[in-house]
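Below, each chain spelled out in residue letters.
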Amino acid sequence: IMRHNYLMSFHQDDWNDLQLIRKITDTPVSQLLRESLRQIVKTKKEDISQRRKTRTSITNMVNY
């Protein structure tokens, strides 16, 4: 398994929210971040796919 280490800082409010969720769910921050990243990637891919479909549809309508 390839791992990448990425150093980043958090706004205090975001960090407080993460800590609160961690305490309530007993889930490590690293797992919360992984879950969040997966959700972001999924959402962005769906958005990109929808934009491509829309662009293709519009192009086909114009060229028709």
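Right, let's walk through the structure included here. (Residues numbered from 1 in each chain as written. Predicted model: local features only at pLDDT ≥ 70, side-chain atom pairs only at ≥ 80, totals over all residues. Heavy atoms only, no water.)

## Remarks on the overall build of the protein
Secondary structure summary: the protein contains two helices and zero strands in total. Taken against the 2.2 N^0.38 rule, which gives 11 Å for 64 residues, the C-alpha radius of gyration of the protein at 19 Å runs more than 25% over that of a compact globule. Referenced to the eigenvectors of the C-alpha coordinate spread, the extents of the protein come out at roughly 55 × 30 × 20 Å. Classification of the 64 residues of the protein by burial places 8% in the buried group. Carbon and sulfur atoms form 55% of the exposed surface of the protein, whose accessible area is close to 6600 Å². Considering the protein, the positive charge centre built from 12 side chains and the negative charge centre built from 7 side chains are found 10 Å apart. (Helix = DSSP H or I, 4+ residues; strand = E, 2+ residues; numbered from the N terminus. Rg over C-alpha atoms; globule rule 2.2 N^0.38 Å. Buried < 20%, exposed > 50% of the residue type's maximum accessible area, 1.4 Å probe, protein only. Areas by Shrake-Rupley, 256 points an atom, 1.4 Å probe, with all protein chains shown as cover. Lys, Arg positive; Asp, Glu negative; His and termini not counted. Charge placed at Lys NZ, Arg CZ, Asp CG, Glu CD.)

## Examining the packing of aromatic side chains
For the coordinates displayed, the defined rule picks out one aromatic pair. With centroids separated by 5.5 Å and ring planes inclined at 45 degrees, the aromatic side chains of Phe10 and Trp15 adopt a geometry described as tilted. According to the relative accessible area criterion, Trp15 is partly exposed, its value standing at 31%. (Phe/Tyr/Trp six-rings, centres within 6.5 Å; stacked < 30°, edge-to-face > 60°.)

## Some remarks on unusual backbone geometry
One non-glycine residue, Asp26, lies in positive phi territory at about 55 degrees. Counting through the fold element by element, Asp26 comes out in the loop between α1 (12–25) and α2 (29–63).

## What about α1?
Structural remark: α-helix, 3.6 residues per turn; residues separated by three or four positions point the same way. For α1, spanning 14 residues, the distance from its first C-alpha to its last is 20 Å, which sits close to the expected 20 Å at 1.5 Å a residue. Just past α1, the residue Asp26 takes up positive phi, approximately 55 degrees. (Expected span 1.5 Å × (residues − 1).)

## Section: the side chain of Thr27
Here Thr27 is to be found in the loop between α1 and α2. Assessed through its relative accessible area of 14%, Thr27 is described here as buried. Polar side-chain contacts of Thr27 include one of 2.9 Å to the side chain of Thr25. Setting aside residues up to four positions removed in sequence, Thr27 forms contacts with Arg22 and Leu32. (Polar contact = N/O pair within 3.5 Å; in protein donor to acceptor, adjacent residues only side chain to side chain. Contact = heavy atoms within 4.5 Å.)

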